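# Commentary on secondary and tertiary structure
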Amino acid sequence: QVQLVESGGGLVQAGGSLRLSCAASGSIFEILNMGWYRQAPGNRRDLVASITSGGRTNYVDSVKGRFTISRDNAKNTVYLQMNSLKPEDTDVYYCYALGRSSQAMGLGGYWGQGTQVTVSS
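Now for a quick tour of the structure. Keep in mind it's a predicted model, so treat the numbers as computed, not measured. (Residues numbered from 1 in each chain as written. Predicted model: local features only at pLDDT ≥ 70, side-chain atom pairs only at ≥ 80, totals over all residues. Heavy atoms only, no water.)

## Focus: the overall build of the protein
Using the following cut-off: For helices the rule is a DSSP run of H or I covering at least 4 residues; for strands it is a run of E covering at least 2, with both sets numbered from the N terminus onward. The size measure is the radius of gyration over C-alpha atoms, and the globule rule it meets is 2.2 Å times the number of residues to the 0.38 power. In this scheme, a residue with accessible area under 20% of its type's maximum is buried, one over 50% is exposed, and one in between is partly exposed, where area comes from a 1.4 Å probe on protein chains only. What makes two residues a contact is simply this: any of their non-hydrogen atoms within 4.5 Å.
If you tally the helices and strands in the protein, you get one helix and eleven strands. Each helix (α) and strand (β) of the protein, taken in turn from the N terminus, gives the series β-β-β-β-β-β-β-β-β-α-β-β. In terms of overall dimensions, the protein is globule-like: its C-alpha atoms have a radius of gyration of 14 Å, near the 14 Å expected for 121 residues. Overall, the protein is about 45 × 30 × 25 Å in size when its C-alpha atoms are taken along their principal axes. Expressed as a percentage of the 121 residues in the protein, the buried residues total 41%. Counting contacts in the protein only where the partners sit at least 6 residues apart, residues at least 24 apart contribute 54% of the total.

## Some points on the pattern of salt bridges
The cut-off we apply is this: The term salt bridge refers to a side-chain nitrogen of Lys or Arg lying within 4 Å of a carboxyl oxygen of Asp or Glu.
Evaluated as defined, the whole model comprises five salt bridges. A salt bridge links Arg38 to Asp89, with the shortest nitrogen-to-oxygen separation between them at 3.7 Å. Of this pair, Arg38 sits in strand 4 (residues 31–40) while Asp89 sits in the loop between strand 8 (77–82) and strand 9 (91–99), and the two are 51 residues apart along the sequence. You'll find Arg38 and Asp89 in the same group, each marked buried. Arg44 is the partner of Asp46 in a salt bridge, and the nearest nitrogen-oxygen pair spans 2.7 Å. Residue classification places Asp46 among the partly exposed residues on the basis of a relative accessible area of 28%. A residue is classified by how much of its surface remains accessible, and Arg44, at 43% relative accessible area, is partly exposed. Because the salt bridges share partners, they merge into one network encompassing Arg38, Arg66 and Asp89.

## With respect to the state of the cysteines
Defined as follows: When two cysteine sulfur atoms are found within 2.5 Å, that pair is recorded as a disulfide.
Going through the model one piece at a time under the given rule, you end up with one disulfide. A sulfur-sulfur distance of 2.0 Å marks the disulfide that ties Cys22 to Cys95. Classification of the bridge connecting Cys22 and Cys95 rests on its S-S torsion, roughly -85°, and on that basis the disulfide is left-handed. Of this pair, Cys22 sits in strand 3 (residues 18–26) while Cys95 is found in strand 9, placing the two residues 73 residues apart along the sequence. Of the residues examined, Cys22 reaches a relative accessible area of 0% and is grouped as buried.

## With respect to the sheet that holds strand 7 (residues 67–72)
Heads up, the condition is: Strand pairing is assigned whenever DSSP detects at least two bridges linking the two strands. Between N-to-C directions, angles span 0 to 180 degrees; the directions come from axes that are lines fitted to C-alpha atoms, helices contributing only their stretch in contact.
Read across the sheet, four strands follow the order 1-3-8-7 without closing on themselves; strand pairing throughout is antiparallel. Since the sheet does not close on itself, it has two edges, and those belong to strand 1 (2–7) and strand 7, each with one partner. Taking the axes of each pair of neighbouring strands and ignoring which way they run, one obtains an average angle of 15° across the sheet.

Written as structure tokens, this is what we have:
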């Protein structure tokens, strides 16, 4: 039983900032990768940013220099600091976490419920 609870979404003006948070709880003890995805056409979710347990990060080109992903391993929490927001950033953002046990068994990870980010022009 694992839960990923997201918070921090909202409505902001272009150029503003938001910080998304995602806290994992339940039967997930060794989290490998965590990341943020956003909804795309066809029910696809595209990677925005990811971070490994060792702190290695990856970003989609469109957010480089504006977004920063970080994590607090003691709290099993991942954050996405979003600065210089643009209207095209508007989307539902989903948190993702992959635990070592799931990885070892060849299973997928867990998803948060999604949080709406809306950027007005």
